[in-house]
Number of protein chains: 2
Amino acid sequence: MTTATRREEMIALMQTGQERLCAAFAAMDGQTTFQSKTWERPGGGGGTARVLSEGAVFERAGVNVSAVHGDVVPPSVSNERPSTRGQPYFATGISMVLHTRNPYAPAFHANFRYFEAGDEYWFGGGMDMTPSYGFADDARHFHRTLKALCDRHAIVDYAQLKTTCDKYFYLKHRSEMRGVGGIFFDNLQPEGVAGFEQGLAFQADGIRAIEEAYLPIVARRKDMPYGEHERQWQLYRRGRYVEFNLVYDRGTLFGLQTSGNIEAILMSLPPLVRWEFDYHPEPGSPEAATLSMLQPYDWAGSA
Amino acid sequence: MTTATRREEMIALMQTGQERLCAAFAAMDGQTTFQSKTWERPGGGGGTARVLSEGAVFERAGVNVSAVHGDVVPPSVSNERPSTRGQPYFATGISMVLHTRNPYAPAFHANFRYFEAGDEYWFGGGMDMTPSYGFADDARHFHRTLKALCDRHAIVDYAQLKTTCDKYFYLKHRSEMRGVGGIFFDNLQPEGVAGFEQGLAFQADGIRAIEEAYLPIVARRKDMPYGEHERQWQLYRRGRYVEFNLVYDRGTLFGLQTSGNIEAILMSLPPLVRWEFDYHPEPGSPEAATLSMLQPYDWAGSA
């Protein structure tokens, strides 16, 4: 398969994924649809940001697709892969963040990406879930779906991808996980002549699994009654989301440093956020119980 | 003057400053007072965070004082001052952030600090103002007060401290200043036998000038009528404050990296914040006019 064919296949995968997911999210919302904004990158390539704002179910949902290329691999890549230094590169990906309105429905993040530099190509991606109010049933459903996804593909190991996720979505300054985890992988480089097809198949299956992993959870939480107390806790917990994305998230920081499309990059930030000084939920409260869920745990294997 | 005496004088300056400023801010608020929380640093020293929450005028006001010491200068300091490497150090400072409720009243930040390492000591600090709605009169009053402050002290130059401030409070990823600036200085090390006294006098005068520089502006804006549109714009602009503090602010990042007191460090974040995708105020609107004020300008010299 030629490089051009590989790129076309990956771009098509991202674009059809965006199309299908936006339709599914809008259907779940039932009230609001996605607005679309395309942008071009001065150095080469561009993308389309699709955003649903102020929906009935999703306070904000954003799904980005981009495909960019350049003459010289950026340092953040070549430092990790010295063999690519000075080479031209190509990258395409889909990323999405959904912030729900109902505090009982979790926020969700996923991204899948493909990178080429010189003669090498590799895959990255993952998805994770961030509840304001944790439900063991939700965490179990989410992780079991992800384990089944990984089990369908010999090139990945669920336990390993889950551990990588737990380590990545961690707020060091709070000694706190961002959510109940998920899977995360980088530098996935399947070997052999079928390597690309295996990687592509996993990416395609992963993007497809988003609906199964996340939407049933939204469906059963989106209409749960809640009050001002629960809303305020949700806004407070969103502060952790902002802290993680602006202080630690590699994709966000890379985007800020390389003057990518700022609005598309910061689309991940929640629509409304609250910070409170020295707040601690009451021991034994549902809020305290949620905090106790924010640690590495074998949800897929739990009863 | 002995080292011990210098330290005592600087700590006393910070503590009396905190006392006086909290009283002045609470009087301006008229409804709510400050809560106090002391904390200890495992490595040596500690501090007192004083916070006013949900006041009539100040949605949040926080004034921190700390005095810490350690056996070995942290790398962030010794990298800039190789002569201090491996030396014991001492640092004390006062820092404050005020977020107003009325969108027409600007947010305010100030900090003053003193550092000792080995045989060296130096001063740092500054103050700056961040309006949601810019008023030229306010920017003029603020900068003229700061220029008068600097003009009273031969060891500093207003124009230089203003330029440093304009460069520091800059969101590179937005190509946007955080506010209308102010003064900012680091590594102020007055020479000669009277060096310490000159530095101390400037710090004391600077802390005293906060009330004169900022509070008259709050007084004339705090009761201006406003509607939901103005409130939403204020919450949106606060997003820039969060982006700056979490992505660029040296003090915040230093605190997060060295596991300082997290709640005291992040007290600077606004109580309620909003992000919106790809928002641009209408040309000619008061919001657009404010954005046009967020660039380096000689407010002190303007008519």
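Residues numbered from 1 in each chain as written. Chains lettered and ligands numbered in written order. Predicted model: local features only at pLDDT ≥ 70, side-chain atom pairs only at ≥ 80, totals over all residues.

## Comments concerning the pairing of strand β5 (residues 107–117) of chain B
Residue and element names in this part refer to chain B. The buried count for β5 comes to 10 of 11 residues, which makes it a mostly enclosed element. Taken together, strand β4 (residues 89–100) and the strand that follows it, β5, pair antiparallel across an intervening segment of six residues. Judged from the 11 bridges that link them, β5 and strand β6 (residues 120–130) form a sheet pairing that is antiparallel. Counterpart to phenylalanine 115 in the pairing with β6 is tryptophan 122. Counting the residues that bridge the hairpin from β5 to β6 gives two residues, and of these glycine 118 lies at a positive phi of roughly 60°. (Buried ≥ 20, exposed ≤ 12 C-beta atoms within 10 Å, placed from the backbone. Helix = DSSP H or I, 4+ residues; strand = E, 2+ residues; numbered from the N terminus. Pairing = 2+ DSSP bridges.)

## Side note on the sheet that holds strand β5 (residues 107–117) of chain A
Hydrogen bonds between backbone groups are what pair the strands of a sheet, and the pairing can be parallel or antiparallel. All names here are of chain A. Spatially, the seven strands line up as an open sheet ordered β1-β2-β3-β4-β5-β6-β9, and their pairing is antiparallel. A single partner strand is all that each edge strand has here, and the edge strands are β1 (35–40) and β9 (182–188). The average angle at which neighbouring strand axes cross in this sheet is 10°, direction not considered. With five bridges joining them, strand β6 (residues 120–130) and β9 adopt antiparallel strand pairing. If you follow methionine 127 over to β9, its bridge partner there is isoleucine 183. The sheet strands contacting helix α4 (residues 158–168) are β6 and β9, and the helix crosses β9 at an angle near 100°. (Axes fitted to C-alpha atoms, helices over the stretch in contact; angles between N-to-C directions. Contact = placed C-beta atoms within 7 Å.)

## Overview of the interface of chain A and chain B
Facing 25 residues of chain A, the contacting portion of chain B comprises 25 residues. Secondary structure elements with two or more residues in the side of chain A that touches chain B: β2 (45–53), α6 (228–247), α8 (262–265) and β10 (272–274) of chain A. Counting residues per element, the side of chain A that touches chain B draws most heavily on α6(A), at four residues. Counted by class, the side of chain A that touches chain B contains 15 nonpolar, four polar and six charged residues. In terms of strand pairing, β10(A) meets strand β10 (residues 272–274) of chain B through three bridges, oriented antiparallel. Residue pairing across strands places A:Val273 opposite B:Val273, the latter belonging to β10(B). (Nonpolar A, V, L, I, M, F, W, Y, C, P; charged D, E, K, R; others polar.)

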